[in-house]
Amino acid sequence: MKAVHIEKFGDPSGLVVIDAPRPSAAPGQLLIAVETIGVGGVDAVIRRGTLGSYGFREGLIPGSEVAGRVEAVGDGVDASWVGRSVWAFTGVGGAYATHAVARLEDITALPEGLSPVDAVTLGSSGPVAHFALAHARLAEGESLLIRGAAGSIGIMAVQLAALAPRTIAVTTSSPERGSRLQSLGATTVLDRSGGDASLEFDVVLDIVGGPGLPSFLDRLAGNGRLVSAGVVGGFPPDDFGMALFRAYQRSRSFATFSLDSVPVGARNGVRETQLESAARGELKAVVHDVLPLADAAEAHRRMDAGEVFGRIVLTV
Ligand SMILES: NC(=O)c1ccc[n+]([C@@H]2O[C@H](COP(=O)([O-])OP(=O)(O)OC[C@H]3O[C@@H](n4cnc5c(N)ncnc54)[C@H](OP(=O)(O)O)[C@@H]3O)[C@@H](O)[C@H]2O)c1
């Protein structure tokens, strides 16, 4: 099969098209003839080599999210899956390829009317946004600031939060992106610094991390909660928690959130519901561009250049 692997950590030129052995479905797995691949912010973080200590090695076929048709099933998987259109989580890699394998519990059947492009735009980011907001215990009427809202997770968080009336502030790098976020439900557009330092929020959903994180802990109202669901700007400084201690009397909280901590059944249930909502047009998949698999390096260049609003999708 054709695949793209990380020949060398670093800039996008390290992503190279190769011929690789086609995987086969082990017991409990399905083999998928891939149609689309979602290019996530985390793929770029892995490609840069910054997650080396988490066990990622050069030679990895990156990507974790595909849609396509089931071509074969391993032992223990019902053969009626063969031929069905599915969304699949492939684990910590293996998606940038013409064929991919996934465990049965990581498969969601595509609802009628949902394109494979839209499926890989929402399939992972939707549940992350849903459970990250739940982790922050975002309650009715509470105000929310989404930092790094122009990515796939932020865009889903904006749309989900806007299902009930509340203040939804977003940080973004340009007024044009701000108006696009407003059309999805944001009520207040701030620059990347977060604008007026006196504005406070009950919940901050942070996709960025990096050196700016402590200043966003300072934007929490009393009893406010900041949930970190991404680190596209790198890890925060070691002493970031001091921002909480400096406002001890305000009982603010910080938490990380990973979808890995959510039981697989709950994740799948939310994903099914969201994909059905998207098929009915109630949730919007914001696709920045669709490129062929062989252009994976170009997709990463655009991500690194900060051009992407929503998600780039690769097609086979
Ligand atoms: N928690 C989980 O379970 C989970 C699951 C999957 C992925 N992730 C994580 O989520 C992140 C990717 O999410 P995504 O795809 O939604 O994000 P993304 O598209 O990579 O980035 C989101 C937005 O952040 C802004 N941004 C980028 N760099 C910035 C910087 N240095 N300072 C301030 N703003 C910056 C950009 O918007 P503007 O230019 O408009 O500011 C960008 O569009 C990764 O860190 C990944 O590890 C988490």
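Residues numbered from 1 in each chain as written. Predicted model: local features only at pLDDT ≥ 70, side-chain atom pairs only at ≥ 80, totals over all residues.

- As named in an unreviewed UniProt entry, the protein chain is Zinc-binding dehydrogenase, taken from Paractinoplanes bogorensis.

Regarding helix α3 (residues 125–135)
Okay, step 1: Most of α3 is tucked away, with 9 of its 11 residues classed as buried.
Okay, step 2: Restricting attention to buried positions, one finds in α3 the residues Ser125, Gly126, Pro127, Val128, Ala129, His130, Phe131, Ala132 and Leu133.
Okay, step 3: Residues of α3 that are buried in the fold lie against α2 (116–122), α4 (152–161), β11 (201–206), β12 (220–228) and α8 (264–279).
Okay, step 4: In the stretch just after α3, arginine 137 is the one whose phi turns positive, near 55°. (Buried ≥ 20, exposed ≤ 12 C-beta atoms within 10 Å, placed from the backbone. Helix = DSSP H or I, 4+ residues; strand = E, 2+ residues; numbered from the N terminus. Contact = placed C-beta atoms within 7 Å.)

What to know about the sheet that holds strand β9 (residues 168–171)
Okay, step 1: Taken together, 6 strands build an open sheet; the order of strands is β10-β9-β8-β11-β12-β13 and the sheet is parallel. Edge strands, defined here as strands with exactly one partner in the open sheet, are β10 (188–190) and β13 (253–256). Neighbour-to-neighbour, the strand axes of this sheet turn through a mean angle of 15°, independent of strand direction.
Okay, step 2: Where β9 and β10 come together, 3 bridges link them in parallel fashion. Following the sheet pairing, threonine 171 is matched in β10 by leucine 190. (Pairing = 2+ DSSP bridges. Axes fitted to C-alpha atoms, helices over the stretch in contact; angles between N-to-C directions.)

Observations concerning the site of the ligand
Okay, step 1: The environment of the ligand is made up of 28 residues, and the closest members are Gly41, Gly148, Gly151, Gly230 and Gly233.
Okay, step 2: Among the secondary structure elements, those contributing two or more residues to the shell around the ligand are α1 (41–47) and α4.
Okay, step 3: For the shell around the ligand, the per-class residue count stands at 13 nonpolar, 13 polar and 2 charged.
Okay, step 4: Shared between two domains, the shell around the ligand holds at least three residues of each, these being domain 1 (2–124 + 262–315) and domain 2 (137–256). (Near = placed C-beta within 6 Å. Nonpolar A, V, L, I, M, F, W, Y, C, P; charged D, E, K, R; others polar. Domains from an automatic or database assignment.)

Digging into the environment of alanine 299
Okay, step 1: Among the secondary structure elements, alanine 299 is positioned in helix α9 (residues 296–304).
Okay, step 2: On a C-alpha basis, the gap between alanine 299 and isoleucine 312 in space is 6.7 Å, while along the polypeptide they are 13 residues apart.
Okay, step 3: The contact partners of alanine 299, leaving out residues within four places of it in the chain, are Val39, Leu291, Ile312 and Leu314.

Let's talk about the packing of α3 against α8
Between two packed helices, the angle of one axis relative to the other and the distance separating the axes together describe the packing.
Okay, step 1: For the pair α3 and α8, the least separation of the axes is 9 Å and the interaxial angle reads 115°. At the point where α3 passes α8, the crossing takes the right-handed sense. Residues Gly126, Pro127 and His130 of α3 form the contact with α8, whose participating residues are Arg267, Val270, Arg271 and Gln274.
Okay, step 2: Considered class by class, the residues forming the contact of α3 with α8 number 2 nonpolar, 3 polar and 2 charged. (Left-handed = near helix turned anticlockwise from the far one by under 90°.)

Concerning the pairing of strand β8 (residues 144–147)
Okay, step 1: Going residue by residue along β8, you find Leu144 and Ile146 tucked away on one face and Leu145 and Arg147 tucked away on the opposite face as well.
Okay, step 2: The pairing of β8 with β9 spans 4 bridges and is parallel. Within the sheet, the bridge partner assigned to leucine 144 lies in β9 and is isoleucine 168.
Okay, step 3: Note on the crossover from β8 through α4 to β9: the handedness is right-handed. (Right-handed = clockwise from strand over helix to strand, strands pointing away.)

With respect to the domain arrangement of the protein chain
Okay, step 1: Partitioning the protein chain into domains gives domain 1 (2–124 + 262–315) and domain 2 (137–256).
Okay, step 2: Taken together, the contact pairs 10 residues of domain 1 with 12 residues of domain 2.
Okay, step 3: Residues belonging to the side of domain 1 that touches domain 2 are distributed by class as follows: 4 nonpolar, 4 polar and 2 charged.

Looking at the pairing of strand β14 (residues 287–292)
In the case of a regular strand, side chains alternate between the two sheet surfaces.
Okay, step 1: Direction of pairing for β14 relative to strand β15 (residues 311–315): parallel, over a ladder of 5 bridges. Pairing of valine 290 across the sheet is with valine 313, part of β15.

Description of the nonpolar core
Okay, step 1: Membership of the largest hydrophobic core comes to 90 residues, with the highest contact counts inside it found for Ile32, Ile37, Ala132, Ala157, Val158 and Leu205.
Okay, step 2: Here this core takes 7 residues from α4, the largest share from any one element.
Okay, step 3: A domain-level breakdown of this core finds at least three residues from each of domain 1 (2–124 + 262–315) and domain 2 (137–256).
Okay, step 4: Apart from residues lying up to four places away in sequence, isoleucine 32 is in contact with Val66, Gly68, Arg69, Val70, Glu71, Val86, Ala88, His99, Ala100 and Ala102. (Core = buried A, V, L, I, M, F, W, Y, C linked by C-beta atoms within 7 Å.)

A word on the environment of phenylalanine 56
Okay, step 1: Mapping phenylalanine 56 onto the fold places it in the loop between α1 and β4 (65–73).
Okay, step 2: Look at phenylalanine 56 and you get partly exposed, because 19 C-beta atoms sit within 10 Å.

Description of α9
Okay, step 1: Here α9 has its buried residues at Ala296, Ala299, His300 and Met303. For α9, the angular spread of the buried residues around the axis is 95°, confining them to a single face.
Okay, step 2: Where α9 is buried, its residues touch β1 (2–6), β2 (15–19), β3 (29–39), α1, β14 and β15.
Okay, step 3: In the stretch just after α9, glycine 306 is the one whose phi turns positive, near 75°. (Arc of directions from axis to C-beta.)

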